[in-house]
Amino acid sequence: MFGELIGYARNQNRITVEFEKNKVIITVITPSIINFFAALASERRPSKAIEHLEEAPGVLIVDFSEGVLTIRTEQLTVKVTNEFEVTISGHSGAILSEDYRGTGTAFIRRGAGEGIAMAAEEGHKLSSAEEKISYKLKKKLNPNTFFYGLGEKTGHLNKKGYHYRMWNTDDPSPHVESFETLYKSIPFLIALKDNQAFGYFFDTTFESQFDLGKENSEYYSFAAVGGNLDYFFIYGPSVKEVVTGYTKLTGTTPLPQLWTLGYQQSRWAYAPEARLNEVADTFRKKAIPCDVLHLDIDYMDGYRVFTWDRKKFPNPEELLKKLKTQGFKVVTIIDPGVKKDRGYSIYDQGLANHYFATDKDGIPYVNQVWPGDALFPDFSNENVRNWWADNQKIMTNLGVSGIWNDMNEPASFKGPLPDDVQFNNDGIQTDHREIHNVYGHYMAKATYEGIKRATGKRPFVITRACYAGTQKYSTVWTGDNQSLWEHLRMALPILMNLGLSGVTFCGTDVGGFGFDCTSELLSRWVQVGAFTPLFRNHSSIFTRDQEPWAFDEQTESINRKYINLRYQLLPYLYDLLHDEEISGLPIMRPLLLDYQNDPKTYEINDQFLCGEAILVAPVVEQGAKKRLVYLPKGSRWIDFWTKESHQGGQYIVKTAPLDVCPIYVKAASFIPLYPVQNYVGEKAVNQLTLDLYLPEKGEAGSYIHYQDDGESFDYRKGSYNLYEFTAHLDASNKELHVSLSRTHNGYEKSYDSFILILNNTEAQSVSLNDAPIPFEVTKDHTVVTAEGGELHIKL
Ligand code: GLC
């Protein structure tokens, strides 16, 4: 495809490499991030994922001798030879990534002729993916390699040995490991090899394929069915640095409004309004916190987007006002499919302005979704995005607080959209093959921008379909799971890998969407949900009810217990999102992200970290009342419930009756806590509780806490406070020094005082800025209230 390497030309950090048959542009973005680009299909097109690329290449040296082009950055050495074969090594000289040069062939699928036809007839899906590929890059696979990322994919945390495709797909049958596609396409892969991590972001919106040692254990590959070759190599050596590098390219999730971290209740169908009111009233009557209620498609008039069914919801504005007085925010679903219906303003405007995707002859393309015959707004056209953005105010002016984008793969009931459906692609006519995977991304972007314009607040958008970079505009949920234990188990690796792929604000339908939930499954799922960034219980029409009270008193009280805990943890979660906006690091993370030096963490599917300080090991087996927990090496861990302390680097068996989710807090951590409230803002939080888990003797721990108005963009102008808390235990284990200080003062509201809970201590005396102050000692902790300053605690 490339032929012999002939020479090169350098223009600062861009090196154009001439091959006999093609040329490749290598751009050093930073010393650790390198882009490889070949215009195989068209001129270079603007990336859909990367909107603000900051190049800071540092010093680089380029040399061409004996047929080898060598590029040295401050971190990496890249060698390019004939046929565009690339070898990348770190500074130690160890090879990270190397093109596979062998003749390796795929494993054989045995069977032929009649057998295949019969199997297909019975409904077996026979893979023919390989036939479509237009190019494929093979990289040598070292047996000691683990793979992560790839956004939302079924299966386990480590993706080695599997084959996946990137093609946004709505398939409501129960998602299992054999599914190669789901709703999102994020072609970003992380490899961890001999404790060295690196990633590939394969920036193509065409269908792409990742084979991670499935077809041949000697190599892994990525391939696409069309378009240009355009990929970024992102070096670690830590997985954290790879994730941060990737989110430097594709963006991080902006800080959301605080209430979006509260509990959310949804169901297809909370209609008519009496039913919605009944749900709202029950939350308040039963004192189960809830911030958000969702309205699914049945609030609309005949599934016409941006309309209301006035029989079911006679006065939406009044209804939303009333719910607001109860502390509820309402989020409404909007699908892309616009009903084909003359006289319906959205359809008429779309048609008049040529806003819909067309067939190859320019005639608006029609398929079917909920409203029957429907057309598909061409979100790849900026004018359409602007129109769609403006339409958001139809909803927000009535008091809607967030928009839920669904069916935006796009889903279509009368077969998939043909390849040749035409899109505008901001002025370059493009077919469906190139736009499909980015359709939902653009819809989310338009929605985000519209809500921002209309309200001035931080927009809350949820989307089902995604491409790389969608995290800048929207939160995501993992679509139509089912009330199956298998799906509770799978929720963990899916969400962890989404987090590693830049999509930090994610969640699953708690309790499961399809099929009927059981009391035990809901009890265990809410224990996971309490720690997932998006915490929403949602279920399908015709399934049994699954609100927190839908089963029995025990299930209700377990739901209340974990939803209460979630509300206590709100400042901790908000701090994590504030950090994430800067670092791109996820809230819900696999253990290996923080414990890369401990290989025992590399394949843990059923435990996760919520930020650095909290380890969650949920029970995900029906009937289990105990579980094995691995506590990673390098930290000491304190049982959140019993306060028992455990050294890391060991497996323990934790007893976990139905109301206990095993949770461990890392020693030397501060966990900021709010009081339980029915909804965010119900109570003014004048006192911040700091739950402190002591450091080892002679050691220290610290924590940065962030505070702002929780809703506006004023924080970007400096309107926020930062606090720094540190704790140091002296070498004799007798004196604890805690310092509570404000390090940035930009937001007018602050805390009157802090309630410090010193776990596993029995203080003898406490002084604040050298003056003795009162304190309380209970069974396993000491409580001190202080305005801030230097605390000395004698133990
Ligand atoms: C899709 C969504 C689901 C929603 C349903 C009806 O299946 O994934 O969440 O409830 O459509 O709108």
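Residues numbered from 1 in each chain as written. Predicted model: local features only at pLDDT ≥ 70, side-chain atom pairs only at ≥ 80, totals over all residues. Heavy atoms only, no water.

1. Overview of the site of the ligand
In step 1: Close to the ligand lie Trp-268, Asp-296, Ile-297, Ile-333, Trp-370, Trp-404, Asp-406, Arg-464, Trp-477, Asp-480, Phe-513 and His-538, which account for all nearby residues.
In step 2: One nitrogen or oxygen atom from the side chain of Asp-406 is found 3.0 Å from an oxygen atom belonging to the ligand.
In step 3: Contacts to the ligand include Asp-480, whose side-chain N or O atom sits 2.5 Å from an oxygen atom.
In step 4: Compared with its free state, where it exposes 300 Å², the ligand has 97% of that area covered by protein.
In step 5: Its residues assigned to classes, the shell around the ligand comprises seven nonpolar, one polar and four charged. (Near = heavy atom within 4 Å. Polar contact = N/O pair within 3.5 Å; in protein donor to acceptor, adjacent residues only side chain to side chain. Areas by Shrake-Rupley, 256 points an atom, 1.4 Å probe, with all protein chains shown as cover. Nonpolar A, V, L, I, M, F, W, Y, C, P; charged D, E, K, R; others polar.)

2. Points about the packing of aromatic side chains
In step 1: What the rule picks out here adds up to 59 aromatic pairs.
In step 2: Ring geometry for Phe-670 against Phe-725: centres 5.8 Å apart, planes inclined by 45 degrees, an arrangement best described as tilted. Taken together, the residues Phe-670 in strand S42 (residues 669-673) and Phe-725 in strand S45 (residues 721-729) connect sequence positions 55 residues apart. In this structure, Phe-670 and Phe-725 share a single accessibility class: buried.
In step 3: The side chain of Arg-284 reaches across the aromatic face of Phe-328, ending 3.9 Å from its centre. (Phe/Tyr/Trp six-rings, centres within 6.5 Å; stacked < 30°, edge-to-face > 60°. Helix = DSSP H or I, 4+ residues; strand = E, 2+ residues; numbered from the N terminus. Buried < 20%, exposed > 50% of the residue type's maximum accessible area, 1.4 Å probe, protein only. Lys NZ or Arg CZ within 6 Å of the ring centre and 35° of its normal.)

3. Some points on the sheet that holds strand S8 (residues 85-90)
In step 1: Pairing is antiparallel across the open sheet formed by five strands, whose spatial order is S5-S6-S7-S8-S9. In the strand order of this sheet, the two ends are held by strand S5 (61-65) and strand S9 (95-98), each with one partner. Along the sheet, successive strands turn relative to each other by an average axial angle of 15 degrees, direction set aside.
In step 2: The pairing of strand S6 (residues 68-72) with strand S7 (residues 76-81) spans four bridges and is classified as antiparallel. (Pairing = 2+ DSSP bridges. Axes fitted to C-alpha atoms, helices over the stretch in contact; angles between N-to-C directions.)

4. Considering the environment of Gly-648
In step 1: Inspection of the secondary structure assignment puts Gly-648 in the loop between strand S39 (645-647) and strand S40 (650-655).
In step 2: Take Gly-648: its relative accessible area is 18%, and that puts it in the buried class.
In step 3: For the pair Gly-648 and Trp-637, spaced 11 residues apart in the sequence, the C-alpha separation amounts to 6.5 Å.

5. Some remarks on the nonpolar core
In step 1: Core analysis: the largest hydrophobic core is formed by 185 residues, its most contacted members being Phe-201, Trp-388, Phe-531, Ile-614, Val-738 and Leu-791.
In step 2: Among the elements that make up this core, the one with the highest residue count is helix H8 (residues 485-500) (nine residues).
In step 3: Grouped together as the second largest cluster of nonpolar side chains are 43 residues, Ala-38, Ile-71, Tyr-164 and Phe-222 included. (Core = buried A, V, L, I, M, F, W, Y, C linked by side-chain atoms within 4.5 Å.)

6. Digging into the sheet that holds strand S51 (residues 781-786)
Through backbone hydrogen bonds, the strands of a sheet pair up, either in parallel or in antiparallel fashion.
In step 1: Within the open sheet, the five strands sit side by side as S42-S43-S47-S51-S50. Their pairing is mixed. In this open sheet, the two strands that pair with only one neighbour each are S42 and strand S50 (776-777).
In step 2: In this sheet, S51 lies alongside strand S47 (residues 753-759) in antiparallel orientation, the contact comprising six bridges. Bridge pairing in S51 places Leu-758 opposite Thr-782.
In step 3: Running at roughly 115 degrees to S42, helix H11 (residues 570-583) makes contact with S42 and strand S43 (687-693) of the sheet. (Contact = heavy atoms within 4.5 Å.)

7. Re helix H2 (residues 239-250)
In step 1: End to end, H2 covers 16 Å across 12 residues, agreeing with the expected 16 Å (1.5 Å per residue, within 8%).
In step 2: For H2, the complete set of buried residues consists of Val-239, Val-242, Val-243, Gly-245, Tyr-246, Thr-247, Leu-249 and Thr-250.
In step 3: At the C-terminal side of H2, Gly-251 shows a positive phi close to 100 degrees. (Expected span 1.5 Å × (residues − 1).)

8. Considerations on the packing of helix H9 (residues 519-529) against helix H10 (residues 553-568)
In step 1: It is the contact of H9 with H10, at a shortest axis distance of 9 Å, that shows an interaxial angle of 5 degrees. The orientation of H9 with respect to H10, classified from their angle, is roughly parallel. Taking contact as the criterion, the partners of Ser-519, Leu-522, Ser-523, Val-526, Gln-527 and Gly-529 in H9 are, on H10, Thr-555, Ile-558, Asn-559, Tyr-562, Ile-563 and Arg-566.
In step 2: When the residues that make up the contact of H9 with H10 are grouped by side-chain class, the tally is five nonpolar, six polar and one charged. (Parallel < 35°, antiparallel > 145°, perpendicular 65-115°, else oblique.)

9. Points about the side chain of Arg-304
In step 1: Residue position: Arg-304 is located in the loop between strand S20 (292-295) and helix H4 (316-325).
In step 2: If we skip the residues at most four places from it in the chain, Arg-304 touches Lys-339, Asp-341 and Tyr-344.

10. Concerning the UniProt feature "domain: Glycoside hydrolase family 31 TIM barrel" (unreviewed entry) in the protein
In step 1: Feature annotation in UniProt assigns "domain: Glycoside hydrolase family 31 TIM barrel" (unreviewed entry) to the following positions: residues 253-576.
In step 2: Secondary structure across residues 253-576 comprises 37% helix and 14% strand; the distance between its end C-alpha atoms is 11 Å. (UniProt positions renumbered as here; feature names shortened; annotations may be inferred.)

11. Comments concerning the domain arrangement of the protein
In step 1: Domain boundaries assigned for the protein yield domain 1 (1-110 + 125-143 + 196-236), domain 2 (258-337 + 380-572), domain 3 (588-666) and domain 4 (686-794).
In step 2: Each partner contributes residues to the interface: domain 2 has 23 residues there, and domain 3 has 32 residues.
In step 3: Counting each side, the surface lost to burial between domain 2 and domain 3 is near 2400 Å², with a carbon and sulfur contribution of 68%.
In step 4: Contact with domain 3 buries area across many residues of domain 2, yet Met-496, Arg-524 and Phe-531 alone supply 29% of it, more than any other trio.
In step 5: For the salt bridge of Lys-561 with Asp-659, the shortest nitrogen-to-oxygen distance reads 3.5 Å.
In step 6: The interface formed by domain 2 and domain 3 holds 14 residue pairs in polar contact (both at pLDDT 80 or more) in total.
In step 7: If you list the elements that add at least two residues to the side of domain 2 that touches domain 3, you get H8, H9 and H10.
In step 8: Residue contributions to the side of domain 2 that touches domain 3 peak at eight residues, all from H8.
In step 9: In terms of residue class, the side of domain 2 that touches domain 3 is built from 15 nonpolar, four polar and four charged. (Domains from an automatic or database assignment. Buried area = accessible area lost by both parts, 1.4 Å probe. Salt bridge = Lys/Arg side-chain N within 4 Å of Asp/Glu carboxyl O.)

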